[in-house]
Amino acid sequence: MKSKSNDKKRGPYSKSEDTRRRVLDAAWEEAHENGLRNIRVAKVADRAGLAIGVVNYHFGSREEMFNEVVIRLFDLVKHSDVSIDDEGNFFETEEKHIIGWNEFLRSNPRYVSLMEEARTYA
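Residues numbered from 1 in each chain as written. Predicted model: local features only at pLDDT ≥ 70, side-chain atom pairs only at ≥ 80, totals over all residues. Heavy atoms only, no water.

Chemist: Any chance you could explain the packing of aromatic side chains here in plain terms?
Modeler: Remark: the centre distance and the inter-plane angle together describe each pair of aromatic rings, the angle taken between the planes. Summed over the entire model, instances satisfying the criterion amount to three aromatic pairs. With 5.3 Å between their ring centres and 80 degrees between their planes, F90 and F91 make a pair best called edge-to-face. Here F90 and F91 have matching classes, each one exposed. A centroid spacing of 5.1 Å and a plane angle of 80 degrees characterise the contact between F104 and Y111, whose relative ring orientation is edge-to-face. Across this residue pair, the class does not change: F104 and Y111 are buried. These aromatic residues form a ring-pair network of at least three members: W101, F104 and Y111. (Phe/Tyr/Trp six-rings, centres within 6.5 Å; stacked < 30°, edge-to-face > 60°. Buried < 20%, exposed > 50% of the residue type's maximum accessible area, 1.4 Å probe, protein only.)

Spelled out as structure tokens, the structure:
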């Protein structure tokens, strides 16, 4: 018999959120390797080590999963160091923005092609 002190209460959705994150991580990796257009539910499920039905349960459709990956792309920029304080004159500020974007793109080489795919897909 287990003691009550060892029983950890979990929130009703904690396991589901972990599974959803695993699926999204697998979709993200699939997009980076093969492009957004080539994301397939079966490949994502296999990569995440889950059944296809689990993926469909968490996202409902391939398009919804695709949208979540695109949101993650936008978040990548939003949480990067590209945003620069507007100190100095116009040209100094613009130079900081350009340098920031160049550094971001160097560290995220697939970003441009993935965003172009997302734009044309939409």
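Read on for the rest.
Chemist: Help me out: how do you make sense of the pattern of salt bridges in this one?
Modeler: Once their charged atoms are close, side chains differing in charge can pair, the charge on each being opposite to the other. Under the criterion given, the structure shown has eight salt bridges. Residue R21 pairs with D18 through a salt bridge whose shortest N-O separation is 2.5 Å. One end of the pair is R21 and the other is D18, both in helix α1 (residues 14-34) and three residues apart, which spans about a single turn. Within the structure, one salt-bridge network assembled from shared partners comprises D18, R21, D25 and R72. (Salt bridge = Lys/Arg side-chain N within 4 Å of Asp/Glu carboxyl O. Helix = DSSP H or I, 4+ residues; strand = E, 2+ residues; numbered from the N terminus.)

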